[in-house]
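A look at the structure
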Amino acid sequence: MERKRIIVGVAGGIAAYKAATVVRQLTEAGHSVRVVPTESALKFVGAATFEALSGNPVHTGVFDDVHEVPHVRIGQAADLVVVAPATADLLARAAGGRADDLLTATLLTARCPVLYAPAMHTEMWLHPATSENVATLRRRGSVVMEPASGRLTGADTGPGRLPEAEEISTLAQLLLARGDALPYDLAGVKVLVTAGGTREPIDPVRFIGNRSSGKQGYAMARVMAQRGADVTLIAGNTAGLVDPAAVHVVHVGSAAQLHDAVSKHAPDANVLVMAAAVADFRPAHAATSKIKKGPAGQGEPTIELVRNDDVLAGAVRSRSDGQLPNMKAIVGFAAETGDANGDVLFHARAKLKRKGCDLLVVNAVGENRAFEVDHNDGWLLSSDGNESALEHGSKTVIASRIVDAIVGFLRTSAG
Ligand code: CTP
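Residues numbered from 1 in each chain as written. Predicted model: local features only at pLDDT ≥ 70, side-chain atom pairs only at ≥ 80, totals over all residues. Heavy atoms only, no water.

**Examining the sheet that holds strand 16 (residues 329-336)**
Spelled out, the test is: Strand pairing is assigned whenever DSSP identifies at least 2 bridges connecting the two strands. Put simply, DSSP H or I for four residues or longer makes a helix, DSSP E for two residues or longer makes a strand, and each gets a number counted from the N terminus. Note on geometry: axes are lines fitted to C-alpha atoms, helical ones only across the stretch in contact, with angles between N-to-C directions running from 0 to 180 degrees. Working rule for contacts: check all heavy atoms of both residues, and any pair within 4.5 Å makes them a contact.
The strand order across the open sheet built from eight strands is 12-11-8-13-16-17-18-19, with neighbouring strands paired in mixed fashion. Taken across any chain shown, the strands that pair with only one partner, and hence form the sheet edges, are strand 12 (248-251) and strand 19 (387-394). Taken over all neighbouring pairs, the strand axes of this sheet differ in orientation by 20 degrees on average, direction set aside. Inspection of the sheet shows strand 8 (residues 190-195) paired to strand 13 (residues 271-274) by four bridges, in the parallel sense. Note that in strand 13 the partner of V191 across the bridge is V271. Contacts from helix 10 (residues 255-265) reach strand 8, strand 11 (230-235), strand 12 and strand 13, with the element oriented near 165 degrees to strand 11.

This is the structure we're talking about:
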């Protein structure tokens, strides 16, 4: 991605120290970053930290370097403004259109996408004043992230934690790639996402697994949650990924456990996204104690495999049988290599028919493609015969295009 001008606004909350990581991640991604803290943010982190990390001067007021008219210029020239943390007070001032310091003046003059990452105590986040300010900012096109739940300052826990720095910078880069805001168009929609690979036990220490990292499914869950959906993520084995903020995560091991979790949550869901790499077969018998190799010459063990249920096809069947009346869209994923019988798309079209899902995301897999990497490409096939290419991009950018298609599908099928 070309070098963009990003303003990182920092408001005065204890999470201000995490802004340093956001600044670092965005500069490491090759962007030019300027930090605009509030006066109170500097009570938590010194200007020197932000100056050193960004390589740019740090001011809080509109009367520094007045000849450069910074209260107007900084916002006008920005490609993206990220406010992390955004405190209750900052959100209120932004929603009210105040311009009483350099950060709020910048927010008022910026015409680029704006991303707020809130952090505050649960009571403040849940207060109707804050909810209304957030709704106002979203209505005007800004992206206000859902905060994470968990440990807050002191002994409190609840929603209000700053989302992980990685999540903020990932979303920031998504906004730069999209060039427009992320619409808040999935409020009230319940989504069930599966991600990662399953592990089929052979004995207590060994399993049959696969190379899925879970990154694409996690990106789907993250983007849908930030578009307002109520997301449950059923996660198999993943490469140590950060749980997305504001997503209910259920960890599972085997295909059978994943199947049980999907069966439990599917009746509530409006959308099912099957991004998990579910094992097609499992050992017929998982040994209860470790299988010993024994002395040489005594033969090699054979693992007998039996077929796992197809979770996706099962969900499609249940919906046709009228058992999932809330389910509006079922999305499958296909990893294909192509072979002597046909190319990737040939196999994908056959799979879409066989599985009966509404949309199928298709990735060509192979050495350094799709698995364990941060970028992806492929095709999106729809049951009405539409086919579109998913151009190469980060898994978050790909996720946001797939979510655009899901939203389109929900709109069309709603009539
Ligand atoms: N899937 C599933 N249950 C399984 C296997 C796969 O729900 N037991 C889902 C995956 O989550 C994915 C889709 O089916 O959304 C396609 O997975 P894939 O492995 O490509 O398809 P298979 O049906 O296993 O076909 P094949 O291995 O023959 O390509």
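**Here we look at a nonpolar patch on the surface**
To be explicit about the condition: What goes into a patch is any residue over 30% in relative accessible area without a salt bridge, connected to like charges within 9 Å or, for nonpolar side chains (Val, Leu, Ile, Met, Phe, Trp, Tyr), within 5 Å. In short, Shrake-Rupley with a 1.4 Å probe defines the accessible areas, and a residue's cover is counted only from the protein chains shown. By convention in these notes, a salt bridge is any Lys or Arg side-chain nitrogen within 4 Å of a carboxyl oxygen on Asp or Glu. Burial here depends on accessible area, computed with a 1.4 Å probe over protein chains only, as a share of the maximum for the residue type. Under 20% is buried, over 50% is exposed, and the range in between is partly exposed.
A cluster of nonpolar side chains, I208, F281, I303 and L305, forms an exposed patch at the surface whose accessible area comes to about 320 Å². Within the secondary structure, I303 is located in the loop between strand 14 (281-283) and strand 15 (305-307). According to the relative accessible area criterion, I303 is partly exposed, its value standing at 44%.

**Let's talk about the nonpolar core**
Worth spelling out the cut-off: By nonpolar core we mean a set of buried residues, namely Ala, Val, Leu, Ile, Met, Phe, Trp, Tyr and Cys, connected to one another through side-chain atoms within 4.5 Å.
If you look at the biggest cluster of nonpolar residues, it comprises 70 residues, and the most contacted ones within it are M220, M224, V273 and I406. In this structure M220 touches V193, V273, F333, A399, I402, V403 and I406, once residues within four positions along its chain are discounted.

**A few points about the site of the ligand**
Operational definition: It suffices for a single heavy atom of a residue to lie within 4 Å of a molecule or strand for the residue to be listed as near it. For the purposes of these results, a polar contact is taken to be a pair of N or O atoms within 3.5 Å, where, inside protein, one atom must be able to donate a hydrogen and its partner to accept one; residues adjacent in sequence count only when each atom of the pair is a side-chain atom.
In the vicinity of the ligand there are 16 residues, among which M274, A276, L312, K351 and K355 approach most closely. The contact in question runs from an oxygen atom of the ligand to an N or O atom on the backbone of A276, over 2.7 Å. L312 is positioned with one of its backbone polar atoms (N or O) 2.7 Å from an oxygen atom of the ligand. For the shell around the ligand, the element with the highest residue contribution is strand 16, accounting for four residues.

**Concerning the sheet that holds strand 2 (residues 32-37)**
Think of a sheet as strands paired side by side through backbone hydrogen bonds, with each pair either parallel or antiparallel. Judged by pairing direction, the sheet is parallel, and its five strands sit side by side in the order 2-1-3-4-5 without closing on themselves. Only two strands of the sheet have a single neighbouring strand rather than two, namely strand 2 and strand 5 (143-144). Sheet topology places strand 4 (residues 114-118) next to strand 5; two bridges connect them, and they run parallel. Note on strand 5: the bridge partner recorded for Y116 is V144.

**Digging into the UniProt feature "domain: Flavoprotein" (unreviewed entry) in the chain**
Heads up, the condition is: UniProt positions are given in the numbering used here, feature names are shortened, and annotations may be inferred rather than shown by experiment.
On the UniProt side, "domain: Flavoprotein" (unreviewed entry) is annotated at positions that read residues 4-168 here. As annotated, residues 4-168 comprises 40% helix and 21% strand, and the C-alpha atoms at either end are separated by 16 Å.

**Looking at the environment of S400**
By the element assignment, S400 lies in helix 13 (residues 395-413). Assessed through its relative accessible area of 2%, S400 is described here as buried. Discounting chain neighbours no more than four positions away, the residues touching S400 are L174, R178, V223 and R227. A distance of 3.0 Å separates the side chain of S400 from the side chain of R178, its partner in a polar contact.

**Digging into the packing of helix 4 (residues 88-95) against helix 5 (residues 102-109)**
The cut-off we apply is this: If an angle is under 35 degrees, it is roughly parallel; if it is over 145, roughly antiparallel; if it lies from 65 to 115, roughly perpendicular; otherwise it is oblique. By definition, turning the near helix anticlockwise from the far helix through less than a right angle yields a left-handed crossing, and turning it clockwise yields a right-handed one. For this classification, Asp, Glu, Lys and Arg are treated as charged, while Ala, Val, Leu, Ile, Met, Phe, Trp, Tyr, Cys and Pro are nonpolar and the rest, including Gly, are polar.
Two elements in contact, helix 4 and helix 5, have axes separated by 10 Å at closest approach and are oriented at 45 degrees. The orientation of helix 4 with respect to helix 5, classified from their angle, is oblique. Both helix 4 and helix 5 take part in a crossing whose hand is right-handed. Counted together, L90, R93 and A94 of helix 4 and L103, T104 and L107 of helix 5 form the full contact between these two elements. Each residue belonging to the contact of helix 4 with helix 5 can be placed in one class, and the counts come to four nonpolar, one polar and one charged.

**Topic: the pairing of strand 3 (residues 80-86)**
Strand residues, when the strand is regular, have side chains that alternate between the two faces of the sheet. A large share of strand 3 lies buried, amounting to seven of its seven residues. Where burial is concerned, the two faces of strand 3 agree: the one with L80, V82, A84 and A86 and the one with V81, V83 and P85 are both buried. Sheet analysis places strand 1 (residues 5-10) next to strand 3, joined by four bridges and oriented parallel. Note on strand 3: the bridge partner recorded for G9 is V83. Relative to strand 4, strand 3 is paired through four bridges, and the arrangement is parallel. Paired with A86 across the two strands is P118, which belongs to strand 4.

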